[in-house]
Amino acid sequence: MKRMFYKKMFYALVVLCVFILTPAMSQSTRQVTVTNVKIEQQETRIKVTYDVESLVKNDSVFIQAVNQNNRVLIARSVTGAVGKGVGSGKGKVVYWDIQADGLLAEDEVQVVVNVKLAPPDLGGGPANALLSILVPGLGNVLVQPNKKIGFRPLITVAYGGLLVYGLMQRSKAMDQYAIYESQPYENQAEPYFTKANQLRHQYLIATRAAALILVSDVIYSAIKGSRNRRKSNQLTLGFQGNTPLVGIRRTF
């Protein structure tokens, strides 16, 4: 009966490892909303006001413009609520000095407010699996997007608890075996031998379960980190004015 109990405990730990180490199946796509864009053309500049929601720190706000011939204009001389660190809110103001950019006040232009989303934090690379060898669960956290913690500290608690429990049972087993060897009669020594054997069995179950948690966490962290590394090396295509730009985004 005890052996069956230990087997059930072992299988329950396997299920726990799978549950904790399984990543989220999907992630929602973040969207930024720009509304109420208003344009006021002044003598030497254009004033643009807008409302924006769901910006984060590293999102970058910029304006794009085209003239009456649909030629893209590069707005260089801009001030106000543009670039990074703008923040969400209403009534954001941008000033574009069209004279400094070589345009005339009578030129008709259409201005659009756009947002370049900050690249998501995909999580760390496979090297973080080495940290899980030292502290099970730590590498798992570092390979998560935005270093999400969640239930992952349970990995450390479960590993540490099982390891300590196993070592305690081993120490008790050695004490019982020492008593067994000191008994002069076999019939008196037998209970100590049985108890020592039971404690040793508990020690093996606990330490093997701890090893399973450790190995599972290291393997998962290495696989997740490798996937993050592949995702971080992405080819991107974009335009600056009429010039196409090709780049590779790399994360180290």
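Residues numbered from 1 in each chain as written. Predicted model: local features only at pLDDT ≥ 70, side-chain atom pairs only at ≥ 80, totals over all residues. Heavy atoms only, no water.

A. Structural detail: helix 4 (residues 153–182). Spanning 30 residues, helix 4 covers 44 Å between terminal C-alpha atoms, matching the ideal 44 Å at 1.5 Å per step. Where helix 4 is concerned, the buried positions are Ile-155, Ala-158, Tyr-159, Leu-162, Gly-166, Gln-169 and Ala-173. (Helix = DSSP H or I, 4+ residues; strand = E, 2+ residues; numbered from the N terminus. Expected span 1.5 Å × (residues − 1). Buried < 20%, exposed > 50% of the residue type's maximum accessible area, 1.4 Å probe, protein only.)

B. Structural detail: the pairing of strand 2 (residues 46–53). With six of its eight residues buried, strand 2 lies for the most part within the structure. Following strand 1 (residues 33–41), the chain reverses through four residues before pairing antiparallel with strand 2. Looking at chain direction, strand 2 and strand 7 (residues 89–96) are connected through six bridges and run antiparallel. Across the sheet, residue Lys-47 finds its bridge partner in strand 7, namely Tyr-95. (Pairing = 2+ DSSP bridges.)

C. Summary view of the side chain of Lys-224. Secondary-structure assignment places Lys-224 in helix 5 (residues 186–232). Given a relative accessible area of 13%, Lys-224 falls into the buried group. Setting aside its immediate chain neighbours within four residues, Lys-224 contacts Val-143, Gln-144 and Pro-145. (Contact = heavy atoms within 4.5 Å.)

D. Representation of unusual backbone geometry. With a phi angle near 50 degrees, Asn-36 is a residue other than glycine that sits in the positive phi range. Along the chain, the position of Asn-36 falls in strand 1. Positioned with a positive phi, Ser-54 is a non-glycine residue whose angle comes to about 70 degrees. Inspection of the secondary structure puts Ser-54 in the loop between strand 2 and strand 3 (60–67). The class for Ser-54 is partly exposed, based on a relative accessible area of 39%.

E. Structural view of the side chain of Ser-221. One can find Ser-221 in helix 5. Judged by relative accessible area, Ser-221 falls into the buried class, the value being 0%. Polar contacts involving the side chain of Ser-221 include one to the main-chain amide nitrogen of Asn-140, which spans 3.2 Å. The residues contacting Ser-221, other than those within four sequence positions of it, are Pro-126, Ala-129, Ser-132, Gly-139, Asn-140 and Val-143. (Polar contact = N/O pair within 3.5 Å; in protein donor to acceptor, adjacent residues only side chain to side chain.)

F. Molecular detail of the sheet that holds strand 7. With antiparallel pairing, four strands are arranged side by side in an open sheet as 1-2-7-5. Looking at which strands have only one partner, the edges of the open sheet turn out to be strand 1 and strand 5 (78–80). Going from strand to strand, the sheet's axes swing by 25 degrees on average, the running direction of each strand aside. Sheet analysis places strand 5 next to strand 7, joined by three bridges and oriented antiparallel. Paired with Val-78 across the two strands is Trp-96, which belongs to strand 7. (Axes fitted to C-alpha atoms, helices over the stretch in contact; angles between N-to-C directions.)

G. Representation of the packing of aromatic side chains within the structure. By the definition in use, this model includes three aromatic pairs. Summarising the aromatic geometry, the rings of Tyr-177 and Phe-193 are spaced 6.5 Å apart at their centres and angled 50 degrees between planes, so their arrangement reads as tilted. Linking Tyr-177 in helix 4 with Phe-193 in helix 5, this pair joins segments that are 16 residues apart in sequence. Accessibility expressed as a relative area gives 36% for Tyr-177, which makes it partly exposed. (Phe/Tyr/Trp six-rings, centres within 6.5 Å; stacked < 30°, edge-to-face > 60°.)

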